[in-house]
Amino acid sequence: MELLKNRIIKDGKIKEGNVLKVDAFLNHQLDIELFEKIGEEFKRRFEGKEVTKILTIEASGIAIACIAARYFKVPVVFAKKTQTKNIAGDVYTSKVESFTHGKVYDIIVSKEFLNVDDKVLIIDDFLANGKALLGLVDLITAAGAEVIGAGIVIEKGFQEGGKTIRDKGIKLESLAIIKEMSVEGGVIFS
Ligand code: 5GP
């Protein structure tokens, strides 16, 4: 998606440790006009697929998922991150290792909001090593629901997540795929 790629080049900031900061439009200040274009593009890429629910993870996936949901006309469910040890039995749970913080945390979704009839599209801001996405897939599988695919705004193609997800046969649509990035050389897309 050219508009998105141009915005990453204009406003993205490359940090140590393979982290791309996009706080100016995606992760802190939110450019809703851009989000609308992103939502429209996800709809186009999953055209013809039946989707009953969008699943994302707090916090940065929520806003994108909500705008995308306007095009799919379905509810958004977001997995909550928790460090609670004793999780009640009325939730589906999985463990995720955070790429940006290096910690392992539990993600949960109430059983009330994911069920066996659901056809779920996962939406998230970034794909790095794929742990967040795999955690969400776990929750959907535990519910007996169907994974329709995953829509990612920025995939860091030089990390393993994209391959892991595609190897599982999941339809993965990333709107910008970064082939390489460095402080000196900037961002290069696939
Ligand atoms: P993964 O689980 O695929 O390793 O990492 C995905 C999650 O980590 C995303 O939900 C995103 O919040 C965060 N993340 C991973 N890489 C980056 C990055 O380069 N920049 C930002 N802003 N977030 C990232």
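Residues numbered from 1 in each chain as written. Predicted model: local features only at pLDDT ≥ 70, side-chain atom pairs only at ≥ 80, totals over all residues. Heavy atoms only, no water.

Q: Residues and numbers for the environment of S60, please.
A: Within the secondary structure layout, S60 lies in helix 4 (residues 60-72). We classify S60 as partly exposed; its relative accessible area is 30%. Along the sequence, S60 and L172 sit 112 residues apart, while their C-alpha atoms lie 19 Å from each other. Those residues in contact with S60 that lie beyond four places of it in its chain are N27 and D125. A distance of 2.9 Å separates the side chain of S60 from the side chain of D125, its partner in a polar contact. (Helix = DSSP H or I, 4+ residues; strand = E, 2+ residues; numbered from the N terminus. Buried < 20%, exposed > 50% of the residue type's maximum accessible area, 1.4 Å probe, protein only. Contact = heavy atoms within 4.5 Å. Polar contact = N/O pair within 3.5 Å; in protein donor to acceptor, adjacent residues only side chain to side chain.)

Q: A description of helix 5 (residues 131-142) should follow, citing residues and the corresponding values.
A: In a regular helix each residue adds 1.5 Å, so 12 residues correspond to 16 Å; helix 5 covers 16 Å between its end C-alpha atoms and thus fits that length. Of the residues making up helix 5, those classed as buried are A132, L133, G135, L136, V137, L139 and I140. Once helix 5 finishes, G144 follows within two positions and takes phi at roughly 75 degrees, a positive value. (Expected span 1.5 Å × (residues − 1).)

Q: So what's going on with the pairing of strand 8 (residues 146-156)? Residues and values would help.
A: Within strand 8, 9 of the 11 residues are buried, which leaves it mostly tucked inside the rest of the structure. Relative to strand 8, strand 7 (residues 119-127) runs parallel, the two being bridged by 8 bridges. Directly across from L127, in strand 8, lies its bridge partner E155. The handedness of the strand 7 to strand 8 crossover, carried by helix 5, is right-handed. The pairing of strand 8 with strand 9 (residues 172-182) spans 6 bridges and is classified as parallel. Within the sheet, the bridge partner assigned to I152 lies in strand 9 and is S174. (Pairing = 2+ DSSP bridges. Right-handed = clockwise from strand over helix to strand, strands pointing away.)

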